[in-house]
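Survey of secondary and tertiary structure
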Amino acid sequence: MFEPAQRMLHFHTSVFMDLRALKEQYEIAHNQNTIDFSLGSPNIAPDPKIMESLARAVEDPANYQYAIKPLPALIQAIQKWYHTRYDVELESGEIALLQGSQEALVNLPLLYCNPTDGILVPNPYYPVYVDAPKLAGAQVIFTPLTKENDYLVDFSRITAAQRKQAKMIIVCYPNNPTGATAPDSFYEELIRFAKENDILVVHDNAYSELVFDGKRGKSFLSFPGAKEVGVELNSFSKTYGMAGARLGVLVGNESVINQYKMLKSNMDYGIFLPIQYAGVVALEQGGTTIESTRQAYQNRRDALVRGFQSAGWKIPLSQATMFLWAPIPDTYKDSVAFTKALLKETGIIVTPGESFGPEGRRFVRIALVQDEQAIEEAVRRLKQTEFFVTKK
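Residues numbered from 1 in each chain as written. Predicted model: local features only at pLDDT ≥ 70, side-chain atom pairs only at ≥ 80, totals over all residues. Heavy atoms only, no water.

Turning our eyes to something else, we now look at the sheet that holds strand S9 (residues 323–327). The antiparallel open sheet is built from three strands, whose spatial order is S9-S12-S11. The open sheet has two edge strands, S9 and strand S11 (351–352), and neither has a second partner. Relative to strand S12 (residues 363–367), S11 runs antiparallel, the two being bridged by two bridges. In the strand pairing of S12, Pro352 is matched with Val364. (Pairing = 2+ DSSP bridges. Helix = DSSP H or I, 4+ residues; strand = E, 2+ residues; numbered from the N terminus.)

On to the pairing of strand S8 (residues 248–252). The buried fraction of S8 amounts to five of the five residues, a majority that puts the element mostly inside the structure. Burial of the side chains of S8 extends over both faces: Gly248, Leu250 and Gly252 are buried on one face and Val249 and Val251 on the other. Looking at chain direction, strand S2 (residues 95–98) and S8 are connected through four bridges and run antiparallel. Counterpart to Leu98 in the pairing with S8 is Gly248. For strand S7 (residues 230–235) and S8, the ladder comprises five bridges, and the chain directions are antiparallel. Paired with Asn234 across the two strands is Val249, which belongs to S8. (Buried < 20%, exposed > 50% of the residue type's maximum accessible area, 1.4 Å probe, protein only.)

On to the packing of helix H4 (residues 102–112) against helix H5 (residues 128–136), then. The relative placement of two packed helices comes down to the angle between their axes together with the axis-to-axis distance. In the contact formed by H4 and H5, the axes pass within 8 Å of each other and the chain directions differ by 35°. When you trace H4 past H5, the crossing you get is right-handed. Of H5, the residues touching H4 (which contributes Gln102, Leu105, Val106, Pro109 and Leu110) are Val128, Tyr129, Ala132, Pro133, Leu135 and Ala136. Class assignment for the residues of the contact of H4 with H5 results in 10 nonpolar, one polar and no charged. (Axes fitted to C-alpha atoms, helices over the stretch in contact; angles between N-to-C directions. Left-handed = near helix turned anticlockwise from the far one by under 90°. Contact = heavy atoms within 4.5 Å. Nonpolar A, V, L, I, M, F, W, Y, C, P; charged D, E, K, R; others polar.)

Now for the layout of surface pockets. Reported here for the largest pocket is a volume of approximately 950 Å³. Together, 40 residues line the largest pocket, and Phe16, Gln102, Tyr126, Pro127 and Val128 are the ones closest to its centre. For the lining of the largest pocket, the secondary-structure elements that each account for two or more residues are helix H1 (15–30), H4, H5 and helix H9 (236–240). When residues in the lining of the largest pocket are grouped by element, the largest group, five residues, is from H5. Residues belonging to the lining of the largest pocket are distributed by class as follows: 17 nonpolar, 15 polar and eight charged. (1 Å grid on protein atoms, 1.4 Å probe; cavity = no way out; pocket = protein on both sides within 12 Å on 5 of 7 lines; lining within 4 Å. Points joined across faces, edges and corners; volume = space filled by probe spheres on them.)

Let's shift gears to the packing of aromatic side chains. All chains considered together, the criterion is met by 25 aromatic pairs. Ring centres of Trp81 and Tyr86 lie 5.3 Å apart, and the angle between their planes is 85°; this geometry places the pair in the edge-to-face category. A residue is classified by how much of its surface remains accessible, and Trp81, at 13% relative accessible area, is buried. When its relative accessible area of 7% is taken as the criterion, Tyr86 is described as buried. On the basis of an interplanar angle of 45° and a centroid distance of 6.1 Å, the ring pair of Phe338 and Phe388 is categorised as tilted. One end of the pair, Phe338, is in helix H13 (residues 335–346); the other, Phe388, is in helix H15 (residues 387–390), with 50 residues separating them in the sequence. (Phe/Tyr/Trp six-rings, centres within 6.5 Å; stacked < 30°, edge-to-face > 60°.)

Attention now moves to the environment of Gly312. For Gly312, the position within the fold is in the loop between helix H12 (290–310) and S9. Along the backbone, Gly312 and Phe387 are 75 residues apart, and their C-alpha atoms lie at a distance of 8.2 Å.

Here we take up the sheet that holds strand S4 (residues 139–144). Taken together, the seven strands give an open sheet; going across it, the order is S2-S8-S7-S6-S5-S3-S4, and neighbouring strands pair in mixed fashion. Because the sheet does not close on itself, it has two edges, and the strands there are S2 and S4. On average, each strand axis in the sheet is inclined to that of its neighbour by 25°, with strand direction left out of account. When strand S5 (residues 166–172) meets strand S6 (residues 200–204), the two strands line up parallel, connected through five bridges. The partner of Val171 across the bridge, within S6, is His203.

Now for a nonpolar patch on the surface. On the surface, Val58, Tyr64 and Phe272 cluster together into a nonpolar patch covering about 270 Å² of accessible area. Examined against the element boundaries, Tyr64 turns out to sit in the loop between helix H2 (48–58) and helix H3 (72–86). (Patch = residues over 30% accessible without salt bridge, like charges linked within 9 Å, V, L, I, M, F, W, Y side chains within 5 Å. Areas by Shrake-Rupley, 256 points an atom, 1.4 Å probe, with all protein chains shown as cover. Salt bridge = Lys/Arg side-chain N within 4 Å of Asp/Glu carboxyl O.)

Take empty space enclosed by the protein next. Within the structure shown, the criterion is met by two cavities of 30 Å³ or more. Considered as a void within the structure, the largest cavity measures approximately 90 Å³ in volume. In this structure, the largest cavity is lined by Ile78, Trp81, Tyr82, Asn234, Ser235, Phe236, Thr239, Tyr240, Val249 and Leu283. Within the residue set of the lining of the largest cavity, elements represented by two or more residues are H3, S7 and H9. Of the pockets and cavities examined, the second largest cavity occupies roughly 50 Å³. Residue assignment for the lining of the second largest cavity shows that the elements contributing at least two residues are H9 and H12. At three residues, H9 tops the list of elements feeding residues into the lining of the second largest cavity. Considered class by class, the residues forming the lining of the second largest cavity number six nonpolar, four polar and one charged.

Honestly, that's just the spatial picture; any functional story needs more than this.
Written out as structure tokens, the structure is:
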């Protein structure tokens, strides 16, 4: 046996792998399909024009060379999109292409943090927010997101010692997993906080196009002073249904972008050119599907909340994203126990909130990745088993 490095002691199998095993056990034992609301993998296909451009580019032998430099057309399309969508002007030196936004979430702590440095991380959190600091040997400093504070970071609770130790703060709005959005005043306070404490802001903006009820997502970079203190991640996965294609952007502070490009040049040889061509088409022609995608998720949200409430499970409406942050009954000791009981008795799979940190102990995350017909079947099962009638 080869002994793993000490850093690997921090890691364990992904919760989604564990849920997959439980799913397989259920389906064998009950001879019935599960209804899986766990993994947030979009099931709405990209605009046909995006897929057609990818298919054409794949057939061109010239596109199988290394893509050390990004396509100028894609950089220009990103600049135009940020200008049109967010009223943000980006120089080419303020843009780095990513193989999915998670790439930068993993690598930025490696780039900026020493073992004694801290990273301010929201709790609950997207798992890589804590995995990346562990890889870098940095310290995680949790900033609790509570219902009472609308799931916003409360800067007043960050102590002087934590401010001194922190090198970076990770912020995500619209928020995964809670579905919360942030007002303008929050971003203004965030920028003041970062300037006063010399802390790099990393704003994860993967869900800016999935904001419901007629409201629009924002960019951190659209607020004065943002480029001086931070960078923003954006993704083609949720906006354009290109999750498997792995394409994202890191934009903002030019010094950070240059440092990141230097690190990246030692790690890979760029993004497969056909995916870059598809990205150009997505930004220039794929916008017609954004509204229909947003409406589809909103319809699923409404159908699930309405249906589950009729079966005895009251869930607040999320403001954004493709997730619901659902409280569990008091009769369960934690979200893991609830998740297992729900699967065992109904065949419905959700993700325990504890997978997103201690603040998730009394919640589960429901991904809106099933169509309305599947949601109706889930409601039927909840009613048939009387799961919430007998287990409140």
